[in-house]
Amino acid sequence: MLLGINDATGGSNGQKRSLRAEALIGRALEYFYLVNKYPKPYDSATAKDDLAVPFVTSNDVTQTVPPRSTVEEMYRHIIDDIKEALPDLPLDNSTNRMRGSVAAGYSLLARVYFYARNYTEAGKYAQLALENTKAVMIDFNGPNPATNLISTHPDVIFGRMVIGQNTADLKFMRSFAGNDLRVRKLYYSTDGYRFTTRGATLFFPNRVTEVFTYVNTGTSVQEMKLIVAECAARAGELPVALQALDDIRKNRFAAASYVKYTSSDPAAVLNEVLMERMHELPFNGLRWLDMRRLDKEGRMSAVTRLNAAGDVIA
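This section reports on the structure supplied with the text. Computed from a prediction, not measured in an experiment: that's the story for all the values here.

### Observations regarding the side chain of arginine 293
Within the element layout of this structure, arginine 293 appears in helix 11 (residues 287-295). For arginine 293, the contacting residues outside a window of four places in its chain are Phe114, Tyr115, Arg117, Tyr119, Glu230, Arg234, Leu274 and Arg277.

### Focus on empty space enclosed by the protein
Enumeration over the complete set of coordinates arrives at 3 cavities of 30 Å³ or more. Forming the walls of the largest cavity are 23 residues, and the residues nearest its centre are Asp155, Val215, Asn216, Gln222 and Glu280. Of all the secondary-structure elements, those providing two or more residues to the lining of the largest cavity are helix 6 (182-186), strand 8 (214-216) and helix 10 (266-280). A total of 3 residues in the lining of the largest cavity trace back to one element, the largest contributor, which is strand 8. Looking at the lining of the largest cavity, its residues break down into 13 nonpolar, 6 polar and 4 charged. Taken as a whole, the second largest cavity spans an internal volume of roughly 50 Å³.

### Topic: unusual backbone geometry
Positive phi, normally seen in glycine, also occurs at arginine 117, with a value near 60 degrees. Tracing the backbone through its elements, the reader meets arginine 117 in the loop between helix 3 (102-115) and helix 4 (119-131). The phi dihedral of phenylalanine 195 falls on the positive side, at around 60 degrees, and the residue is not glycine. The residue phenylalanine 195 is located in the loop between strand 6 (187-189) and strand 7 (201-203) in this model. Judged by relative accessible area, which is 9%, phenylalanine 195 ranks as buried.

### A word on the packing of aromatic side chains
Following the criterion strictly, the structure yields 17 aromatic pairs and no others. For the ring pair phenylalanine 114 and tyrosine 115, a centre distance of 5.4 Å and an interplane angle of 90 degrees mean the geometry is edge-to-face. Across this residue pair, the class does not change: phenylalanine 114 and tyrosine 115 are buried. By way of ring pairs, the aromatic residues Phe32, Tyr33, Phe114, Tyr115 and Tyr119 are connected into one cluster. The ring of phenylalanine 158 carries the charged tip of arginine 160 above its face, separated from the ring centre by 4.4 Å. A cation over a ring is seen here: arginine 207 above tyrosine 188, with NZ or CZ 4.1 Å from the ring centre.

### Quick word on helix 10
Given 3.6 residues per helical turn, the α-helix brings residues three or four places apart onto the same face. Here helix 10 spans 21 Å end to end across 15 residues, near enough to the 21 Å set by a 1.5 Å rise per residue. Among the residues making up helix 10, those that are buried are Val269, Leu270, Val273, Leu274, Glu276, Arg277, His279 and Glu280. The inward-facing, buried residues of helix 10 abut helix 3, helix 5 (170-174), helix 6, helix 8 (221-234), helix 9 (238-249) and helix 11.

### So, the environment of alanine 268
Within the fold, alanine 268 resides in helix 10. The sequence separation of alanine 268 and aspartate 80 amounts to 188 residues, and the corresponding C-alpha distance is 36 Å. Excluding residues that lie within four positions of it along the chain, alanine 268 makes contacts with Tyr261 and Ser263.

### Observations concerning the pattern of salt bridges
Considering all chains together, one arrives at 26 salt bridges under this definition. Between lysine 250 and aspartate 247 there is a salt bridge, with its nearest N and O atoms 3.8 Å apart. We classify lysine 250 as partly exposed; its relative accessible area is 39%. Overall, the relative accessible area of 14% leaves aspartate 247 in the buried class.

### Here's the deal with the layout of surface pockets
Of the voids in this model, the largest pocket is the one considered here, and its volume is about 1300 Å³. Along the walls of the largest pocket sit 29 residues, with Asp169, Lys171, Phe172, Met278 and Arg287 positioned nearest its centre. Elements supplying a minimum of two residues to the lining of the largest pocket: helix 5, helix 10 and helix 11. The residue inventory of the lining of the largest pocket, partitioned by class, reads 14 nonpolar, 6 polar and 9 charged.

Cut-offs and rules
Residues numbered from 1 in each chain as written. Predicted model: local features only at pLDDT ≥ 70, side-chain atom pairs only at ≥ 80, totals over all residues. Heavy atoms only, no water. Helix = DSSP H or I, 4+ residues; strand = E, 2+ residues; numbered from the N terminus. Contact = heavy atoms within 4.5 Å. 1 Å grid on protein atoms, 1.4 Å probe; cavity = no way out; pocket = protein on both sides within 12 Å on 5 of 7 lines; lining within 4 Å. Points joined across faces, edges and corners; volume = space filled by probe spheres on them. Nonpolar A, V, L, I, M, F, W, Y, C, P; charged D, E, K, R; others polar. Buried < 20%, exposed > 50% of the residue type's maximum accessible area, 1.4 Å probe, protein only. Phe/Tyr/Trp six-rings, centres within 6.5 Å; stacked < 30°, edge-to-face > 60°. Lys NZ or Arg CZ within 6 Å of the ring centre and 35° of its normal. Expected span 1.5 Å × (residues − 1). Salt bridge = Lys/Arg side-chain N within 4 Å of Asp/Glu carboxyl O.

Right, dumping it as structure tokens:
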């Protein structure tokens, strides 16, 4: 979409700049996934040497594919694309949140810096995304959205849509609190939600709450709140972290039995935020990226492979 925009006819220069800006953040998001799925995870000590993917900017198949960029170079390309786009992005995308906006640009910067483990910049841009969007969290205590379309769900900042259907791990399901509304809103169980039978619980919103059939793999209010919370917890800013955590949980737990989490222990607060992140964003394309990120910090527990009988295999 980037190629040929300036040569298009029938539109103003402002419209062309706006479309180009949307194309830039679209390219940035796709390269973000490429650089986080195939190369090594970002490590400031080795990113300048770790090979990533080629940065292809032409659809001309006769051109030679450029050599592989480093992880550091790819992150710089992604960040540069988003920052170049920001001045020309629309202020609001509420009528179609699959389209770009200023808040969408900020939210992508927050995500990119977050996975580069630059938590200062990530927290800053997550807050800017929240301050510049009209998106609001969906309260699971209240009415559901009127449609299953991610493009109009109120919590979406920059939408990307996939169908939600995955088998849920038993240990993961047992980690939810009993009054967590996400369990019966989003998970389908054939063992009465006892979580004793392997394979009996699916993340399958279409079977229990049809308007949540599609999962947003783009950015959302809750993802930005979680970034704010984690970055603040890491910086020892516990009131900020606890407020952001509460902003999410009060929309996810049964109101009649909800108790706000409090702690003065930075390590405990960070662990609580990481658990909340796992509960809120389990099947939207970020968990593998989080596992790689946290493993670089020694925060990722060992992962075991099981066979059909549930036995650990090498």
